[in-house]
Amino acid sequence: MINQQLLKPSGIVIVGGSDDVRKPGGKVLKNLLDGRFPGDLYVLNPKMDEVQGVKSFRDPSGLPDVDLAILAIAAKYCPDTVRMLAREKNTRAFIVLSAGFSEESEEGTKLENQIVEIIDEVNGCLIGPNCIGFLNEHYHGVFTTPIPRLEPEGCDFISGSGATAVFIMESGMPKGLSFSSVYSVGNSAQIGVEDVLKYLDEGFDPATSSRVKLLYIESIENPDLLLKHASSLIQKGCKIAAIKAGGSEAGSRAATSHTGALASSDMAVGALFRKAGIVRCYSREELTTIASVFKHKELKGKNVAIITHAGGPAVLLTDVLSNGGLEIPEISGPKADKLLEKLYPGSSVSNPIDFLATGTAGQLGAIIDACEHDFDFIDAMVVIFGSPGLVPVFDVYELLDRKMQTCKKPIYPVLPSVINVRKEIEAFLAKGRINFPDEVVLGEALVKVFHAPDPAKPGDELKDIDREQIRKIIDGSSGGYLTPDKVQQLLIAAGISQTREVVVHSREDAVKEAENLRFPVVMKVVGPVHKSDVGGVVLDINTRTQVEEEFEKMIQINEVKGILIQPMLSGIELFAGAKKEPKFGHLILCGLGGIFIEVLKDVKASLAPLSMEEAGSMIQDLRGYGIVKGVRGQDGVNEEQFAEILVRISNLVKIAPEIYEMDINPLLGNRDRVVAVDARIRIEK
Ligand code: ADP
Ligand code: MG
């Protein structure tokens, strides 16, 4: 596992180091030299005595003890070399750049396992194989360029792909983003993304550790570990943004329930990120922009002042911020008038604050001061300042830098003229500043960060759930869909209120039970999975004759084993469900729409276990939340009860993890009650 020999080695040996800098073994050595690695540097190369001015050993016997080895030799030679270094040279950290391991063949997998075994034996650490290496402020252990600025307060970046790691650094560097450490985990033979995160969490030091973590993930091997350490880091004050690539496999699964059709493994990833408080990104550009937002002071409220010398970008930014729920409040009153007097005629301070193409550094300073001190309701500023190329703008960017140091409110700089004032922007970035070249990309990132959820509270365990009864029903059932009576028993045991219902097998019983339940009633077939699809649901039955007629018709339908009778209820149609996701556990879903759910797809998902708070926010995040709340004089739904049902489902699947998918569709809800009228549960043993 990750150790000091990896993070701050006193000596490094490049196995396969060469003079040819177009080869990994040559380039990694060059990077180490260019980065002025302060410790001992050696090369192991059977053909050379010196490589790029560094002492090379033809025979390993002469090599002194060395903390870290970087291997750039063919896969088949790696196990022997690793063994020799681990056992004879006290080497405890290994970065294996070489490919040709588990990503390629069975043979490669064997070699990879051997290496892990040897390194585990000495309690050492392995990065890779099949990776670009590792970077931090102490040394540049990668064979790629560019090397970003490395400093303790930069981003910690963990990548499941080497090439993508390079491209992400390339996306961040022109913006001015710096890094604290870069882990390219390659095949993750010993250490994967989750393990690095665990290390960063357990080793977190509030005084020295970076507060921004970026992840590029191709597969999540251990969702629990990721959730645990990401939430913990965020609770310690860190910000995490992540890309998870490869999410669209949902269609390939045969889905028989609503939940099955709606839930996907990508939804599980989204739910995991939300639960942890990770900001999910979908592109490199978005990831590095979100990281850039993280590197500024926190946006604590929704009121943004846009300060610009050009109308167009201010309008674009206003659109994206206000569409995303942030506000560009109007600025007026005596203090605004006083500010306006300091600007050229034709300027506007009403927000966006436009101080014209001729606006000066002095005027910008006055505007920023007013936003900082006079306009209390302003929470943050965006300064848009480019150049048509007539005059230099060093003075403006210097002022901006000074104001960013002294102001308590966050200031986000949009410096769009990356060609016209390239030198000025470079000077600004050299001060450790970050640029957002595109105001809309910044706006989208601000919106996302502002709405990012906090890590979820632990799930609620409800006391009144009949655990024994649930286990009894599950243990007494074989796999597949449970019968209506068992479904009903399970819902009762879980405390989920369900409409009264009876199953009948004769016309006489049908009439008797319908009268017992009181008209109007609903009749449904028992047997087919989707009852409406086969004409197996008849609503609003009011007379004995109707019951008799419908019974005769329905009992003829294929696969029908009996007829279910329920009272006819009214209410808003809601949906609740659960779906087991391999490795992730159960997703709990809620939504709106009854029989239209698959058309509307207005569904939110969270990972079990749920707290009431999390369940409540799932409901509030539905597109149709207005309907739940009640619109235009129409009564809404008892949200508390709806949320409680979700928590009860979460409790149920914890006690009965055999539940593979379940949906309650619909629940009929009004102000007083939320009741299940149709439920399906499939178990897998
Ligand atoms: P299925 O989903 O198998 O087609 P449901 O039992 O969900 O069958 O019934 C279909 C639709 O009929 C529901 O979405 C709901 O609109 C309506 N419905 C079902 N049961 C009742 C009931 N007891 N009261 C009022 N409406 C009902
Ligand atoms: Mg239904």
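Structure shown above.
Residues numbered from 1 in each chain as written. Chains lettered and ligands numbered in written order. Predicted model: local features only at pLDDT ≥ 70, side-chain atom pairs only at ≥ 80, totals over all residues. Heavy atoms only, no water.

A. How the structure looks around the packing of helix α13 (residues 361–374) against helix α14 (residues 394–406). Closest axis-to-axis distance for the α13/α14 pair is 9 Å, and the angle between their directions is 20°. Considering the angle they form, α13 stands roughly parallel to α14. α13 and α14 meet at a crossing whose hand is right-handed. Judged by residue contacts, A361, L364, G365, I368 and D369 of α13 engage D395, V396, L399, L400 and K403 from α14. A class-by-class count of the residues in the contact of α13 with α14 yields six nonpolar, one polar and three charged. (Axes fitted to C-alpha atoms, helices over the stretch in contact; angles between N-to-C directions. Helix = DSSP H or I, 4+ residues; strand = E, 2+ residues; numbered from the N terminus. Parallel < 35°, antiparallel > 145°, perpendicular 65-115°, else oblique. Left-handed = near helix turned anticlockwise from the far one by under 90°. Contact = heavy atoms within 4.5 Å. Nonpolar A, V, L, I, M, F, W, Y, C, P; charged D, E, K, R; others polar.)

B. Focus on the nonpolar core. Formed by 60 residues in total, the largest nonpolar core has its most connected members in L6, I95 and Y183. In terms of residue count, the dominant contributor to this core is helix α9 (residues 265–276) (six residues). Setting aside residues no more than four positions away along its own chain, L6 makes contact with L68, A93, I95, C125, I127, F134, Y139 and Y183. (Core = buried A, V, L, I, M, F, W, Y, C linked by side-chain atoms within 4.5 Å. Buried < 20%, exposed > 50% of the residue type's maximum accessible area, 1.4 Å probe, protein only.)

C. Local environment of the site of ligand 1. Near ligand 1, the surroundings consist of 20 residues, among which K524, K531, S532, E573 and D678 are the closest. At 2.6 Å, a side-chain N or O of K524 approaches an oxygen atom of ligand 1. Separating an oxygen atom of ligand 1 from a side-chain N or O atom of E573 is a distance of 2.3 Å. Looking at the shell around ligand 1, the elements that each hand over two or more residues are β21 (521–526), β22 (537–541), β23 (562–567) and β27 (659–669). With three residues, β27 is the largest single contributor of residues to the shell around ligand 1. Within the shell around ligand 1, the residues separate by chemical class into 11 nonpolar, four polar and five charged. (Near = heavy atom within 4 Å. Polar contact = N/O pair within 3.5 Å; in protein donor to acceptor, adjacent residues only side chain to side chain.)

D. Just a nonpolar patch on the surface, in detail. Nonpolar side chains collect at one region of the surface, where I595, F596, V599 and L600 lie side by side and expose about 450 Å² of accessible area between them. Turning to its location among the elements, V599 is positioned in helix α21 (residues 597–600). (Patch = residues over 30% accessible without salt bridge, like charges linked within 9 Å, V, L, I, M, F, W, Y side chains within 5 Å. Areas by Shrake-Rupley, 256 points an atom, 1.4 Å probe, with all protein chains shown as cover. Salt bridge = Lys/Arg side-chain N within 4 Å of Asp/Glu carboxyl O.)

E. Highlighting the sheet that holds strand β17 (residues 380–384). Pairing is parallel in the open sheet, where four strands are placed in the order β16-β15-β17-β18. Because the sheet does not close on itself, it has two edges, and the strands there are β16 (353–354) and β18 (411–414). Judged from the two bridges that link them, strand β15 (residues 304–308) and β16 form a sheet pairing that is parallel. Residue I307 lies in a different strand from β16, and its bridge partner there is I353. (Pairing = 2+ DSSP bridges.)

F. The arrangement of the coordination of the magnesium ion (ligand 2) in detail. Around the magnesium ion (ligand 2), the protein contributes the donor atoms N665 (O) and D678 (OD), which lie 2.1 Å from the metal centre. Here the residue N665 occupies a position in strand β27, and D678 occupies one in the loop between β28 (674–676) and β29 (679–683), the gap between them amounting to 13 residues. Classification of D678 by relative accessible area gives buried; the value is 13%. (Donors = N, O, S within 2.8 Å, 3.2 Å for Na, K, Ca; no water.)

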